Amino acid sequence: MGYRVQHNNAIGPYKGGVRFHASVNLSILKFLAFEQTFKNSLTTLPMGGGKGGSDFSPRGKSNSEVMRFVQAFMLELWRHIGPETDVPAGDIGVGGREVGFMFGMYKKLAQEFTGTFTGKGREFGGSLIRPEATGFGALYFVHQMLETHGIDIKDKTVAISGFGNVAWGAATKATELGAKVVTISGPDGYIYDPEGIDVDLLKEVKEVKRARLTEYAAARPSAQYHEKKNADDHGVWSVKCDLALPCATQNELNLDDAKMLVANGVISVTEGANMPTTLEATKYLQENGVLFVGGKAANAGGVATSALEMSQNSERLSWTFEEVDGKLKGIMETIYANISDAAKRYNATVGGNDDYVAGANIAGFEKVVNAMLAQGVC
Ligand code: NAP
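Residues numbered from 1 in each chain as written. Predicted model: local features only at pLDDT ≥ 70, side-chain atom pairs only at ≥ 80, totals over all residues. Heavy atoms only, no water.

### Comments concerning the site of the ligand
As a reminder of what qualifies: Only a single heavy atom is needed: when it lies within 4 Å of a molecule or strand, its residue is near that molecule or strand. Here a polar contact is taken to be a pair of N or O atoms separated by no more than 3.5 Å, where protein atoms must pair a possible hydrogen donor with a possible acceptor and residues adjacent in sequence count only if both atoms sit in side chains. Computed with the Shrake-Rupley method and a 1.4 Å probe, the accessible areas treat only the protein chains shown as cover for residues. Gly is placed with the polar residues, together with every amino acid not listed as nonpolar (Ala, Val, Leu, Ile, Met, Phe, Trp, Tyr, Cys and Pro) or charged (Asp, Glu, Lys and Arg).
In the vicinity of the ligand, 25 residues are found, and the nearest of them are R19, R59, D91, T134 and N274. Between an oxygen atom of the ligand and a side-chain N or O atom of R59, the distance comes to 2.7 Å. One of the side-chain N or O atoms of D91 is found 2.7 Å from an oxygen atom in the ligand. Here the ligand has 890 Å² of accessible area as a free molecule, and 87% of this is covered by the chains. Counted by class, the shell around the ligand contains 7 nonpolar, 12 polar and 6 charged residues.

What follows is the structure in structure tokens.
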């Protein structure tokens with residue numbers, strides 16, 4: 001089954017990823033599209049919100065099986081999207097290969113070469129830094145937040161979950177900033193690497209070989225692979241860390257995991273994935289003084305860089321690495337300033353410490369609702 005949810009276009013064309021995973025259903029895509037609207041608003045760039053996908057799983061499929069599925073999917077989707085209408089991108093199970101196949105089929109059916117997708121290959125309009133932008137952006141955000149609280153990110157121990165695009169980008173930027181990333185994970189287990197995750201090896205195993213997590217462990221003597229024992233297994237969240245970044249999927253960090261992180265002295269939990277932390281866990285982390293930032297703000301760097309890709313496509317130019325990276329960093333710092341300001345306004349009313357979840361909801365919502373009111377009821 002395939003879907004596209006177009007949630008809101010008050011501030012720009014619908015924009016949001018396409019997910020291919022066995023767990024995909026309409027309910028999950030509706031929540032993701034809803035979140036996307038307010039996330040896109042937070043980026044300060046002109047994008048509405050949408051999300052799409054299918055319960056098709058590319059895992060274990062050949063390139064030509066994936067291509068044939070994508071072409072069948074596009075036979076219906078192409079008539080609902082366009083550069084001024086709806087601009088899809090990647091998400092879980094949809095990386096550069098899948099976006100390339102979607103773009104090729106769209107181009108054939110619509111008979112146009114436009115920036116209708118983001119996350120494209122560099123040869124046909126893709127932007128530098130788009131593949132790693134979500135993880136990079138999350139770390140720019142964490143860096144800014146810690147600095148504001150007088151905490152140096154250097155030498156901090158970082159636990160990351162996931163083994164995909166976001167996890168890789170986050171691990172790469174955290175390492176560049178001087179922190180030590182000690183975990184990555186998949187649905188069946190996790191890696192603990194006390195020497196620090198080798199991000200080049202991670203990229204090769206994930207992107208080039210498209211292999212499993214165990215292959216990373218096999219190639220790295222310092223890495224220990226811990227297979228998931230049962231549903232109550234705390235996985236990466238049982239590892240002592242200063243900074244935690246759930247970067248895999250929704251509802252992967254529950255109340256018991258949060259208790260374990262707090263007991264181990266975690267300073268901040270920053271969502272690289274979309275809603276990986278359950279509501280009970282979020283509340284517990286906030287009540288225990290952890291700097292908690294939801295994905296709406298923290299992972300907005302991916303879609304922000306997609307907007308930068310759209311700008312480059314419109315002006316038919318390719319910006320340098322430094323230009324894109326500088327803009328991404330600036331956007332994440334602005335998002336931090338805006339949600340921090342909204343959190344202060346919120347906490348002035350209800351009391352308590354700055355609540356970045358409320359701050360992000362308020363800052364994202366205000367812009368969308370003002371645009372909707374200005375445009376009248378239609
Ligand atoms: P991805 O490249 O497909 O990676 C997701 C990874 O997480 C896969 O390796 C997957 O393993 C693993 N995983 C799935 N369920 C897991 C679980 N329960 N525990 C541990 N690992 C698990 O996807 P992605 O693009 O990195 O997306 C990750 C999250 O970030 C999603 O919530 C997505 O919506 C969000 N996000 C992505 C972007 C972006 O630019 N890509 C932007 C904003 C937010 P298997 O492949 O073995 O299932």
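### Here we look at the environment of A263
The condition that has to hold: Think of it this way: any DSSP run of H or I at least four residues long counts as a helix, any run of E at least two long counts as a strand, and we number them from the N terminus.
Checked against the element boundaries, A263 lands in helix 8 (residues 255–263). A sequence separation of 25 residues divides A263 from N288, and the C-alpha atoms of the two residues are 9.9 Å apart.

### Let's talk about the packing of aromatic side chains
Here is the rule: Pairing of aromatic side chains requires ring centres within 6.5 Å, counting the rings of Phe and Tyr and the six-membered ring of Trp. Pairs whose planes differ by under 30 degrees are stacked, by over 60 edge-to-face, and all others tilted. Burial classification: accessible surface area is computed with a 1.4 Å probe over protein chains only, and a residue below 20% of its type maximum counts as buried, one above 50% as exposed, and the rest as partly exposed. The rule for a charge over a ring is simple: NZ of Lys or CZ of Arg within 6 Å of the ring centre, and within 35 degrees of the ring normal.
Counted according to the given criterion, the structure contains 12 aromatic pairs. For the pair F56 and F69, a centre-to-centre distance of 4.0 Å together with 10° between the ring planes defines the contact as stacked. Of this pair, F56 sits in the loop between strand 3 (49–54) and helix 2 (63–77) while F69 sits in helix 2, and the two are 13 residues apart along the sequence. Looking at F56, the relative accessible area reads 13%, which means it is buried. Counting every residue linked through ring pairs, the aromatic cluster contains F20, F56, F69 and F73. The aromatic ring of W319 is capped on one face by K327, whose charged end is 4.7 Å from the ring centroid.

### Quick look at the packing of helix 5 (residues 165–176) against helix 6 (residues 199–208)
What describes two packed helices is the angle between their axes and the distance between those same axes. Filter applied, for reference: Think of each axis as a best-fit line through the C-alpha atoms, taken over the contacting stretch in the case of a helix, with angles from 0 to 180 degrees between the N-to-C directions. Just so you know how the angles are binned, under 35 degrees is roughly parallel, over 145 roughly antiparallel, 65 to 115 roughly perpendicular, and the rest oblique. Here is the rule for handedness: rotate from the far helix to the near one, and if that takes an anticlockwise turn smaller than a right angle the crossing is left-handed, while a clockwise turn gives right-handed. Should any heavy atoms of two residues lie within 4.5 Å, those residues are counted as being in contact.
Contact pair helix 5 / helix 6: the axes reach a minimum separation of 10 Å and the direction vectors enclose 165°. What the angle tells us is that helix 5 and helix 6 run roughly antiparallel. Crossing handedness for the pair helix 5 and helix 6: left-handed. Note on element contacts: helix 6 touches helix 5 through V199, L202, K203, K206 and E207, opposite N165, W168, A171, T172 and T175. Residues of the contact of helix 5 with helix 6, tallied by class, amount to 4 nonpolar, 3 polar and 3 charged.

### Some remarks on unusual backbone geometry
The phi dihedral of D155 is positive, around 65°, even though this residue is not glycine. Inspection of the secondary structure assignment puts D155 in the loop between helix 4 (133–148) and strand 5 (157–161). Positive phi outside glycine occurs at M275, with the angle close to 50°. Following the sequence through the fold, M275 ends up in the loop between strand 10 (268–270) and helix 9 (279–287). Residue M275 is classed as partly exposed on the basis of its relative accessible area, which comes to 36%.

### Notes on the nonpolar core
Definition in use: Here the nonpolar core consists of buried residues drawn from Ala, Val, Leu, Ile, Met, Phe, Trp, Tyr and Cys, with membership extended through side-chain atoms lying within 4.5 Å.
Grouped together as the largest cluster of nonpolar side chains are 62 residues, with contacts concentrated most on F141, I160 and Y216. Dropping the residues within four chain positions of it, Y216 is found in contact with I184, I191, D193, G196, I197, D198, L201, L202, V205 and A223. Membership of the second largest hydrophobic core comes to 17 residues, among which are W237, A258, V269 and A281.

### Brief notes about helix 12 (residues 321–350)
Test applied: What a helix should span is 1.5 Å times the count of its residues minus one.
Here helix 12 is 30 residues long and its end C-alpha atoms lie 43 Å apart, about the 44 Å a rise of 1.5 Å per residue gives. Where helix 12 is concerned, the buried positions are V324, D325, L328, I331, M332, I335, Y336, I339, S340, A342, A343 and N347. Next to the buried residues of helix 12 lie helix 1 (26–42), helix 4, helix 5, helix 10 (295–298), helix 11 (300–315) and helix 13 (356–374). Of the residues flanking the end of helix 12, it is G351, one or two places downstream, whose phi is positive at about 85°.

### Section: the sheet that holds strand 8 (residues 224–227)
Stated formally: Paired strands, as defined in this entry, are two strands with at least two bridges between them according to DSSP.
One open sheet holds the 7 strands; their spatial order is 8-7-6-5-9-10-11, and the pairing between them is mixed. Single-partner strands in this sheet number two, and they are strand 8 and strand 11 (291–293). Strand-to-strand twist of the sheet, defined as the mean angle between neighbouring strand axes without regard to direction, takes the value 15°. Note: strand 10 against strand 11, 3 bridges, orientation parallel. Each bridged residue has a counterpart across the sheet, and for T270 the counterpart in strand 11 is V293.

### Re the sheet that holds strand 2 (residues 14–20)
Strand order in the open sheet formed by 4 strands is 1-3-2-4, with mixed pairing between adjacent strands. Each edge of the open sheet is held by one strand with a lone partner, namely strand 1 (2–8) and strand 4 (86–89). Taking the axes of each pair of neighbouring strands and ignoring which way they run, one obtains an average angle of 20° across the sheet. Here strand 1 runs beside strand 3; their pairing, made up of 6 bridges, is antiparallel. Within strand 3, the position partnered with V5 by the bridge is K51.

Remember, this is a structural readout, not a statement about activity or role.
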